[in-house]
Amino acid sequence: QQQVKQSPQSLIVQKGGISIINCAYENTAFDYFPWYQQFPGKGPALLIAIRPDVSEKKEGRFTISFNKSAKQFSLHIMDSQPGDSATYFCAAIMPGGGTSYGKLTFGQGTILTVHP
Amino acid sequence: KAGVTQTPRYLIKTRGQQVTLSCSPISGHRSVSWYQQTPGQGLQFLFEYFSETQRNKGNFPGRFSGRQFSNSRSEMNVSTLELGDSALYLCASSYLGQQNGYTFGSGTRLTVV
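Residues numbered from 1 in each chain as written. Chains lettered and ligands numbered in written order. Predicted model: local features only at pLDDT ≥ 70, side-chain atom pairs only at ≥ 80, totals over all residues. Heavy atoms only, no water.

Quick look at the interface of chain B and chain A
Between chain B and chain A, the contact holds 23 residues from the first and 23 residues from the second. Across the chain B to chain A interface the summed buried area is about 1,800 Å²; carbon plus sulfur atoms make up 51%. Its largest share of buried area at the contact with chain A, chain B owes to Leu43, Gln99 and Phe104 of chain B, together 35% of the area lost on that side. Summed over the shared surface of chain B and chain A, the result is zero salt bridges. Where chain B touches chain A, the interface holds five residue pairs in polar contact (both at pLDDT 80 or more). (Contact = heavy atoms within 4.5 Å. Buried area = accessible area lost by both parts, 1.4 Å probe. Salt bridge = Lys/Arg side-chain N within 4 Å of Asp/Glu carboxyl O. Polar contact = N/O pair within 3.5 Å; in protein donor to acceptor, adjacent residues only side chain to side chain.)

A word on a nonpolar patch on the surface
All names here are of chain A. The grouping of Ile18, Ile20 and Met78 at the surface amounts to a nonpolar patch, some 240 Å² of accessible area in total. Within the secondary structure, Met78 sits in the loop between strand E8 (72–77) and strand E9 (86–92). Owing to a relative accessible area of 35%, Met78 belongs among the partly exposed residues under this scheme. (Patch = residues over 30% accessible without salt bridge, like charges linked within 9 Å, V, L, I, M, F, W, Y side chains within 5 Å. Areas by Shrake-Rupley, 256 points an atom, 1.4 Å probe, with all protein chains shown as cover. Helix = DSSP H or I, 4+ residues; strand = E, 2+ residues; numbered from the N terminus. Buried < 20%, exposed > 50% of the residue type's maximum accessible area, 1.4 Å probe, protein only.)

Observations concerning the state of the cysteines
Residues and elements named next belong to chain B. Tallying each qualifying case throughout the model produces two disulfides over all chains. One disulfide in the model links Cys23 with Cys91; its S-S distance is 1.9 Å. One quick way to see it: the torsion about the S-S bond of Cys23 and Cys91 is about 70°, and its sign makes the bridge right-handed. Separated by 68 residues along the polypeptide, Cys23 in strand E3 (residues 19–24) and Cys91 in strand E9 (residues 87–94) bring together distant segments of the chain. In this structure, Cys23 and Cys91 share a single accessibility class: buried. (Disulfide = S-S within 2.5 Å.)

A few points about the sheet that holds strand E7 (residues 64–68) of chain B
Residue and element names in this part refer to chain B. Strand order in this open sheet of four strands is E1-E3-E8-E7, and the pairing throughout is antiparallel. Of all the strands in the sheet, just strand E1 (5–7) and E7 have a single pairing partner and so form its edges. Across the sheet, the axes of successive neighbouring strands diverge by a mean angle of 20°, strand direction being ignored. Sheet topology note: the E7/strand E8 (residues 74–78) ladder contains five bridges and is antiparallel. Each bridged residue has a counterpart across the sheet, and for Phe64 the counterpart in E8 is Val78. (Pairing = 2+ DSSP bridges. Axes fitted to C-alpha atoms, helices over the stretch in contact; angles between N-to-C directions.)

Structural notes on the pattern of salt bridges
Any two side chains of opposite charge can pair, on the condition that their charged atoms come close. Tallied over the full model, the rule gives eight salt bridges over all chains. Arg61 of chain A serves as the salt-bridge partner of Asp84 of chain A, at 2.8 Å between the closest nitrogen and oxygen. With Asp84 of chain A in the loop between E8 and E9 and Arg61 of chain A in the loop between strand E6 (56–59) and strand E7 (62–67), this residue pair connects regions lying 23 residues apart in the sequence. Given a relative accessible area of 5%, Asp84 of chain A falls into the buried group. A residue is classified by how much of its surface remains accessible, and Arg61 of chain A, at 26% relative accessible area, is partly exposed. A salt bridge links Arg73 of chain B to Glu75 of chain B, with the nearest nitrogen and oxygen atoms 3.3 Å apart. We classify Glu75 of chain B as buried; its relative accessible area is 15%. One salt-bridge network, held together by shared partners, links Arg63, Glu82 and Asp85 of chain B.

Shown next, in the form of structure tokens:
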């Protein structure tokens, strides 16, 4: 019930293409869904986040689409660039308090490679 | 504004030894969470501290422990190291340890031989 499932494990995209990463969750108590980007040798960095009362959120080239009924959400990277090559993690967290303090539940990660 | 600082960056330890890792959060952040990152298990939550109190704990054995000091700096300790403890250990700080505002450090790479 605590899992977040992420796909694909790896993704290769040409420069200028669209990268799409999908996540699905089981626990409907989750109500905040961030995406993180991690470069080698660095910790994850927050990219964009969404709450389930919103179906889509866009920040620059990054868009989250959220389907509450299907318990799925996805990250779209438009006009993908070689500098976007990194590992991407979706995550979920429950409302504050109790067993949710500090606890992000992460997907398994997607290694994105953008070829020039 | 300084980020989250983790020390040391790399450690090599022998099975059976113990290790202490340190995390200095962003100034003003009172919550520190710890995560273990491995290729097989991904990012797994270890525990969270707020105002020197552990408020939440993940599913790790008792060999994994932590503490937080009055200046919000945190340490985690792993005793009786096993080969499977080899991982990248990340800490994340936030103001309240609730839903948003988590900033991760670059981690400590622990290798157990």
